[in-house]
Amino acid sequence: MKAPRLTDTTLRDGSHPMRHQFTREQVASIVQALDRAGVPVIEVSHGDGLAGSSLQYGFSHTSEFDLIETARSHAERAKIAALMLPGIGTRQELKEAVARGIQVVRIATQCTEADVSEQHFGLAKELGLETVGFLMMAHIRPPEVLAEQAKLMESYGADCVYIVDSAGAMLPADAAARVRALKEALSVQVGFHAHNNLGLGIGNTLAALEAGADQIDGCLRGLGAGAGNAATELLAAVLDRLGLNPGLDVFGLMDAAEYIVAPIMPFQPFPDRDAITIGYAGVYSTFLLHAKRAGAQYGVDPREILVELGRRQAVAGQEDWIIDVALDLSRRHAASARKETSV
Amino acid sequence: MQADKVKVAILGSGNIGADLMYKLLRQPGPMELALVAGIDPASEGLARARQLGIATSANGIEAILADPEIRIVFDATSAKAHVRHAKLLRESGRIAIDLTPAARGPYVVPPVNLGEHLRAANVNLITCGGQATIPLVYAVSRVTPVRYAEMVSTVASRSAGPGTRQNIDEFTFTTARGLEAIGGAREAKAIIILNPAHPPILMRNTIYVMPEGDFDEVAVQDSVAQMVADVQHYVPGYRLKNLPVVERRATPWGERPVIIMLLEVEGAGDFLPPYAGNLDIMTAAARRVGELFAAYLLKTLEVTA
């Protein structure tokens, strides 16, 4: 094993539990702390990537371009990255993000749909960006299919392709097999992005490293969608114990988590019953808060909604199906209640 | 030529052209399908047309230009090819119904604004998502002013061809502009998601509409129900999964009521599979536009200003 490159995505994946309400002041203090602690890449954007601000996903409090600009001006060493999902964000927002200071773009597609990203990788390379491909919901397809899709991204110009466990549904062997398949198929780097829904955020990241992953992701205090991600400060401590610390200040990151991020968090992401259900049912981690809200509005257990979404094979970004499922379930319950009372 | 029919041709013998051919044969209205033209002599679309006894050509637009009786041409090729076709068709006095994203002529959605463009030489059908969702945004905006509208279209991976995949940004721009220009929203956003589920999912659209101010919910429900019936007239598989629901949402304009409509589009299965409602609604809209143009040419339609 070798020391991996760490990308901190508190200011992107953490946007979900923050309900996209990050302010310039919060971004400035988090970026400063990460930069001082030696984190080489910091991702900043709406949780659903550039242009994610919407009724579907939640509107941003502050424009992500303003947040990117703030991040850039407070980072001395770290590169600033943004996420984009073709179908939501377009090349227009990518150009604007570059103008405001990003040096890395992470381009995410469903793990079967890499060919929607060709235009975006092309523009990113033209603009001189470092590029990362994100194969989302990677638990739904076997390693060989993912390797084919990753090769497409490599051919479009990806400098690294990530296996993204968007649902936090993988077990360590699943993560390792997928990373290994990409390592064998690609000549560029391979990364792994974990969610902690089954309590395996750190465990799966370690399995990915053992399988050869070059890049990994973390969030301070695990602040991310669902039960959160692998905690950055925890990864730093674990990597240090393994003798693989890539230059991270372990205590500095612990302090950032404790004194800067924890006080602003609306709640601590944790594998509670709804978050465990996300991993168990294999659905997108960001469905958590939307399912809780729809469950309360339509009188349905959020877990029932999540399991039904898994059965319908919902993929990343399909928050609108939550309302549909909640309405169907509430109607079904009403019908069975009527049947019982009429007997 | 029969006196009560207008001769039409399909340009492009791929999946869309073939599906449109079956629709025109099943429901010709005042049209007579005179020719299917492609560029690949071995294409399945041309083979099927020949089997059905329709004249074909593998010479692209040339055969169409050579037949002066053809008055209406459905272009189901590509945006790039249509730019060239649009000029040639205009010069030779044919009406072009454009199913590509080229947008050389005004956007049309049959039950919303086609009446305004019956004298146009070229009309564009926007996107599949636009054909599905613009009618419902318009159904709200004709009752109460709309500050913001958003649509999310989810289509089966297998129904998204290389054209959609390589032009996914154009889908979002064009659909959003259509929601504004024709749907009547002051501002709009479009999102598209490809879903790889097995078996493939039906085309699904979620439409969020935020009115400017207070609105009459019953009037909105009635207007939406009327519009769904109008679209079902030419897309039988077009249906709302529920009555529109109203939720209060946090928005940049404060906490506001948002009308949410969940739409499903099942294809007629003429040539393409029923799950590909996104393709069906394009060919069904094209046939409907052709029908109205043909009727107008035959002076059988009263045009109100």
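Values in this document were obtained by computation on a predicted structure and should not be read as measured data. (Residues numbered from 1 in each chain as written. Chains lettered and ligands numbered in written order. Predicted model: local features only at pLDDT ≥ 70, side-chain atom pairs only at ≥ 80, totals over all residues.)

(A) Highlighting the interface of chain B and chain A. Listed as interface residues are 30 residues of chain B and, on the opposing side, 25 residues of chain A. Those elements giving two or more residues to the side of chain B that touches chain A turn out to be β7 (146–156), α7 (162–166), α8 (168–181), β8 (185–195), β9 (203–211), β11 (245–251) and β12 (254–265) of chain B. At 6 residues, the largest contribution of residues to the side of chain B that touches chain A is made by β8(B). Here the side of chain B that touches chain A is built from residues that sort into 15 nonpolar, 8 polar and 7 charged. (Contact = placed C-beta atoms within 7 Å. Helix = DSSP H or I, 4+ residues; strand = E, 2+ residues; numbered from the N terminus. Nonpolar A, V, L, I, M, F, W, Y, C, P; charged D, E, K, R; others polar.)

(B) The arrangement of the pairing of strand β2 (residues 31–37) of chain B in detail. Residue and element names in this part refer to chain B. A large share of β2 lies buried, amounting to 6 of its 7 residues. Two strands pair when backbone bridges link them, and strand β1 (residues 6–11) and β2 are joined in this way by 6 bridges, in the parallel orientation. Paired with V8 across the strands is L33, a residue of β2. In this sheet, strand β3 (residues 56–57) lies alongside β2 in parallel orientation, the contact comprising 2 bridges. Within the sheet, the bridge partner assigned to A37 lies in β3 and is S57. Between the parallel elements β2 and β3, the chain passes through helix α2 (residues 44–51) in a crossover that is right-handed. (Buried ≥ 20, exposed ≤ 12 C-beta atoms within 10 Å, placed from the backbone. Pairing = 2+ DSSP bridges. Right-handed = clockwise from strand over helix to strand, strands pointing away.)

(C) Inspection of the domain arrangement of chain B at higher detail. Residues and elements named next belong to chain B. When cut into domains, chain B gives domain 1 (6–104) and domain 2 (128–276). A C-alpha centroid distance of 29 Å is found between domain 1 and domain 2. The residue inventory of the side of domain 1 that touches domain 2, partitioned by class, reads 4 nonpolar, 2 polar and 3 charged. (Domains from an automatic or database assignment.)

(D) View of the domain arrangement of chain A. All names here are of chain A. Segmenting chain A into domains produces domain 1 (5–264) and domain 2 (286–342). Using C-alpha coordinates to define each centre, domain 1 is positioned 29 Å away from domain 2. On the side of domain 2, 7 residues touch domain 1, which itself brings 13 residues to the contact. Here the residues of the side of domain 1 that touches domain 2 are counted per class, giving 6 nonpolar, 6 polar and 1 charged.

(E) Quick look at the environment of P106(B). Residues and elements named next belong to chain B. Along the chain, P106 turns up in the loop between β5 (95–98) and α5 (110–113). Its 15 C-beta neighbours within 10 Å are what place P106 among the partly exposed residues. Sequence separation between P106 and Y275 is 169 residues; the distance between their C-alpha atoms is 29 Å. Ignoring sequence-local partners within four residues, the contact set of P106 consists of H117, A120, V123 and N124.

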